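Fold and geometry: a report
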Amino acid sequence: MSDFLKVAGRVVRVLVATVLLLVLEVGVPAMLTRFAGWPLLERVPSWSDIENALVSPIPEEALLKVLACPLWLLWGAFTVSLLAETIAAIRGVQIHVPMLGPMQALAAGLIGSLVIVVLPIDARSLFGPVELSATPVATVVHESSRAESTSEIADQMHVVKRGDTLWKIAARKLGSPQRWGRIWKLNAHKVQADGQVFTDPDLINPGWQLRLPSSRPAAHEVSNATPPPRPYIPVRPQASEPFLAPLSPTVSPSPALPVFTVEVPSGGVVSMAFAAGLSTAYAASRFHRRRRRVPPPASTEITIAPEPEPPPVVKAMRNAHLRTYADRQEGPPSDADLMREAFSIDVPDKVVAGHRKDRTGVDIQPAGLSLGLTGPGADDAIRVIVLDLLRQADRFRVEVILSTPDAQRLFAVSAEEMKAVPGLIVTESSGAAVGRFAETHFTRSRMLIERGADSIDTLRRDDPGEVLPAVLLVTSVTDELFDQGVAAILVSADRSGAGALLKGNWPPGTTCDVREDGRVSSAEGPKAASFDGVRFFRLTVRDAADCLRQLADVHRDQSEAEEEALDELGLPTWDGHTLVRLSVLGRPVIQVRGRSGTVPLTGLQLQLFVFLALHPNGATRDEICAALWPEKAVDVGVHDPLRHLRDTLRSATGYVDKGRRDAPFVKAHGRTYRIDPNLVSVDLWDFQNVISAARNADDSAARVVALSQAAQLCRGVLAEGLICEWIDERRSPQARIQADVLSQLAELQEQDDPEAALNVLERIIVLNPDPEETWRRIIRLQLRLNRRDQARNTAALLRERLQELGVRATRETERLFSEL
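Scoring rules and cut-offs
Residues numbered from 1 in each chain as written. Predicted model: local features only at pLDDT ≥ 70, side-chain atom pairs only at ≥ 80, totals over all residues. Heavy atoms only, no water. Pairing = 2+ DSSP bridges. Helix = DSSP H or I, 4+ residues; strand = E, 2+ residues; numbered from the N terminus. Axes fitted to C-alpha atoms, helices over the stretch in contact; angles between N-to-C directions. Parallel < 35°, antiparallel > 145°, perpendicular 65-115°, else oblique. Left-handed = near helix turned anticlockwise from the far one by under 90°. Contact = heavy atoms within 4.5 Å. Nonpolar A, V, L, I, M, F, W, Y, C, P; charged D, E, K, R; others polar. Core = buried A, V, L, I, M, F, W, Y, C linked by side-chain atoms within 4.5 Å. Buried < 20%, exposed > 50% of the residue type's maximum accessible area, 1.4 Å probe, protein only. Salt bridge = Lys/Arg side-chain N within 4 Å of Asp/Glu carboxyl O. Phe/Tyr/Trp six-rings, centres within 6.5 Å; stacked < 30°, edge-to-face > 60°. Lys NZ or Arg CZ within 6 Å of the ring centre and 35° of its normal. pLDDT = per-residue confidence, 0-100.

Where strand 20 (residues 666–669) meets strand 21 (residues 672–675), 4 bridges bridge the pair, whose relative direction is antiparallel. Residue Val-666 lies in a different strand from strand 21, and its bridge partner there is Ile-675. Remark: 2 residues form the turn of the hairpin made by strand 20 and strand 21, two consecutive strands paired antiparallel; Gly-670 in that turn has positive phi of roughly 70°.

Next up, the structure:
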């Protein structure tokens, strides 16, 4: 009935637009011609006619014509606008006529109402479901069509200039700096012309070419538009193989389309999207192993080493995934291509948890989920849902909260292996898991009130830099759930992007009894009808453990790569007295005590952390707002980036709050914020303390020791790669201080250890290449060590630099050149 009302509304709208168009285009000129006459002169007036008109009284007919002229002008403007909008509708472009904005808007509305009549109407909405075929069907996604779609979305290029940031580019090119996330999504993990991979949105280099989104509205802005009809291609299943769908890892089955399944050797069943995700995880793990492999020396015999065999469940999923490319007669993609294809920073809004009798998929949305599962197949179904979220949990996209007893029951893996899986938060007890879930919900609810937003999706859309992952509580039904008000929380949890998946009977929500084969035997609750005839996907404990280990392997490989990068930067694993180590002398790096790798922190959270590191005694809210939001004239709350900073450090360190009033890592005293030195140490603070010790040293030996410690902390430019206005004024003085420390150390080492002094002087050139005295000292030391060729090369580099700067060498430098 509602569909017939929509069609009737369409017809009425077309009739009204037609009548209004006839009145404006035909009725108005007819009325003006009837009562005021034709506005233009019938003949050219003579000079005598003009003289008579000036001395004679104005006749009523002439006065009426004069008053009608503005109406004629308005009618002409509307006619021109109508023609422009008609051409625009036919050609599918936008045409802007200067000075005709209101008229063109009216014409566009009328043309749009008339165009409705040619839009397609779904026959099924009018006449009920259409019996197409009993054979299941699939949507085939071709790479060529995907490439065409991508080229439509991103049809502009921008060459990065010095001083550019994604924030500034979005402000200039897209009209709002808040749209920087769209540029990042289009260019993330793309290889640039200089060979570097774009992996950090805060670091872009001059000369890079970035694709920009077009002026078309984003997907969420056109979600209410009528979607184009989907192509349906029947696929005949093979009797000897599981029913497969040629889907890419990043494509989720639509609720209206069949979902294709993969059966693993143990009898478990998962979706093709799930299998593609695990296949991509295996490819990523193999890629990281290969890129770190060291070739054998020439004296070693070359042998063929077999690739480590994946677990049977992962192997079955990978074979099924690769078979989809063979079905499309495409060659298998490389591991790097698979990783790029699967990469996304979007928060997953659903997982495919099973299928109905007609093979259509059953989507479960984490936001607002209030589902309990009972029966012998409950744990098998929960494992698939959890793993399906975790395979998409790159960086800050997903947070699954599990207690240790529930995690052991579901996956039976060690605590260390579970910690290595990104997005999996394992607490010591179910009470702690519920407490963390409740805290997340209430924190986000307060954030929505403060921001005036209706849901967490709105905040994600308006500010892509916010760290707002999908949150799912997975636990067993106990009295604690009712005591801590979880049932009341889940009533509005969809607004906060959180939900709960429970083992046991759950009267406040929906409860499904799941048989051993995954079929729902009964369902009770407000959404029980949507689970009628559903068969959940399922995995055994052993298969789920192998899948979880595969996800952990990928993260472990990434951590080892990060650890190697830290070794190249001269930063060993942190084992100091504080829980967190922040290094800002050079590229900002955050480490956790006793753990390899770094804490991934970007955007406003990183800026806030570095800013507070430069103010060890604390900074006021006004000072922070003026630095982080210089374009804002009003006070901006710092609690959101501060909250995300604390949450990220909590997750990375496993820090447990000591109470509601505990604010770890950054202490607040009124309107002043300060890094807690008991939990966080900063290399800049240590550098300043060592310099003070060197200044107060009693003898040269103690001074050398202090200066050597300071030199170990001199990694490079202050907060290298961080592009902020407030950091620029501090970089040059800090670079000079580091250069002075290294210069004094080189002077003290020059007599006893000229080789060490030479290495220190060469580090000064990287920090501050301007003083010619440093170059001269290097040349003299190279001559002293009988390295005349190196001295000539150093002199050539200095000459080249001076020529680039357009300055002449000093007399002393020229004299040294002549000696060479």
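Having seen it, we continue.
Turning our eyes to something else, we now look at the packing of helix 15 (residues 430–451) against helix 23 (residues 639–653). Contact geometry of helix 15 with helix 23 gives a least axis separation of 12 Å together with a crossing angle of 165°. Considered as vectors, helix 15 and helix 23 are oriented roughly antiparallel to each other. As helix 15 runs across helix 23, the sense of the crossing is left-handed. Here Arg-436, Glu-439, Thr-443, Arg-446, Met-447, Glu-450 and Arg-451 of helix 15 lie close against helix 23, whose contacting residues are His-639, Asp-640, Arg-643, His-644, Arg-650 and Ser-651. Residue composition of the contact of helix 15 with helix 23, grouped by class: 1 nonpolar, 4 polar and 8 charged.

With 77 residues, the main nonpolar core has Ile-590, Phe-609, Ile-624, Val-680 and Trp-726 as its most contacted residues. With residues up to four places along the chain from it excluded, the contact list for Phe-609 reads Leu-582, Ile-590, Leu-601, Leu-645, Leu-649, Ile-675 and Val-680. In terms of nonpolar packing, the next biggest core, distinct from the first, is built from 63 residues, Ala-353, Leu-501, Leu-548 and Val-554 among them.

All right, on to the packing of helix 7 (residues 166–173) against helix 8 (residues 180–187) then. Packing of helix 7 against helix 8 leaves a shortest axis separation of 8 Å and a crossing angle of 110°. It follows that helix 7 is roughly perpendicular to helix 8 by the angle criterion. Here helix 7 and helix 8 pass one another in a crossing that is right-handed. In this structure, helix 7 contributes Leu-166, Trp-167, Ile-169 and Ala-170 to the contact, and helix 8 contributes Trp-180, Ile-183 and Trp-184. Split by residue class, the contact of helix 7 with helix 8 holds 7 nonpolar, no polar and no charged.

Attention shifts here to unusual backbone geometry. Although it is not a glycine, Phe-665 sits at a positive phi angle of roughly 75°. Inspection of the secondary structure assignment puts Phe-665 in the loop between helix 23 and strand 20. We classify Phe-665 as buried; its relative accessible area is 0%. Notably, Asn-786 is not glycine yet its phi reads approximately 60°, a positive angle. Along the chain, the position of Asn-786 falls in the loop between helix 28 (772–784) and helix 29 (788–805).

For the rest of this paragraph, the subject is the pattern of salt bridges. Oppositely charged side chains can form a pair if their charged atoms are brought close together. Across all of its chains, the model carries 23 salt bridges by this definition. Here Glu-309 makes a salt bridge to Lys-315, at a shortest N to O gap of 2.7 Å. For Glu-309, a relative accessible area of 56% corresponds to the exposed category. A salt bridge links Glu-417 to Arg-549, with the shortest nitrogen-to-oxygen separation between them at 3.1 Å. Of this pair, Glu-417 sits in helix 14 (residues 415–419) while Arg-549 sits in helix 20 (residues 541–568), placing them 132 residues apart in sequence. You can call Glu-417 partly exposed: its relative accessible area is 21%. Shared partners join several salt bridges into a network, and the residues in it are Glu-772, Glu-773, Arg-776, Arg-780 and Glu-812.

Attention now moves to the environment of Asn-505. Tracing the sequence through the fold places Asn-505 in the loop between strand 13 (498–503) and strand 14 (510–514). Owing to a relative accessible area of 46%, Asn-505 belongs among the partly exposed residues under this scheme. Here the alpha-carbon distance between Asn-505 and Val-477, two residues 28 residues apart in the chain, equals 6.9 Å. Look past the residues within four positions of Asn-505 in its chain and what remains in contact with it is Thr-374, Val-477 and Thr-511.

Once that is clear, we can look at the packing of aromatic side chains. Inspection of every chain in the model, using the stated rule, returns 3 aromatic pairs. Above the ring of Phe-817, the side-chain terminus of Arg-799 is found at 4.2 Å from the ring centroid.

Now for the sheet that holds strand 19 (residues 619–620). Strand pairing in a sheet relies on backbone hydrogen bonds, with the paired strands running either antiparallel or parallel. Read across the open sheet, the 3 strands follow the order 19-21-20; overall the sheet is antiparallel. Two strands in the sheet have a free side with no partner beyond their single neighbour: strand 19 and strand 20.

As a further point, take the confidence of the model for the protein. Of the residues in the protein, 72% reach a pLDDT of 70 or more, and the chain-wide mean stands at 75. Mean pLDDT values for the elements of the protein range from 32 in strand 1 (residues 137–138) up to 95 in strand 14. Predicted confidence is poor over residues 116–155, with pLDDT under 50, and the contacts of this stretch with residues over four places away or in other chains come to 58 contacts. pLDDT under 50 marks residues 215–256. Its contacts with residues more than four places away, or in other chains, come to 77 contacts.

Moving on, we get to the sheet that holds strand 13. The strand order across the open sheet formed by 7 strands is 11-10-12-13-9-14-15, and the pairing between neighbours is mixed. Since the sheet does not close on itself, it has two edges, and those belong to strand 11 (424–427) and strand 15 (520–524), each with one partner. Taken over all neighbouring pairs, the strand axes of this sheet differ in orientation by 20° on average, direction set aside. Bridging between strand 9 (residues 370–374) and strand 14 involves 4 bridges; their strand directions are parallel. Its bridge partner being in strand 14, Thr-374 is matched across the sheet by Asp-513. Across the sheet, helix 15 touches strand 10 (398–403), strand 11, strand 12 (470–476) and strand 13, and the angle it forms with strand 10 is around 150°.

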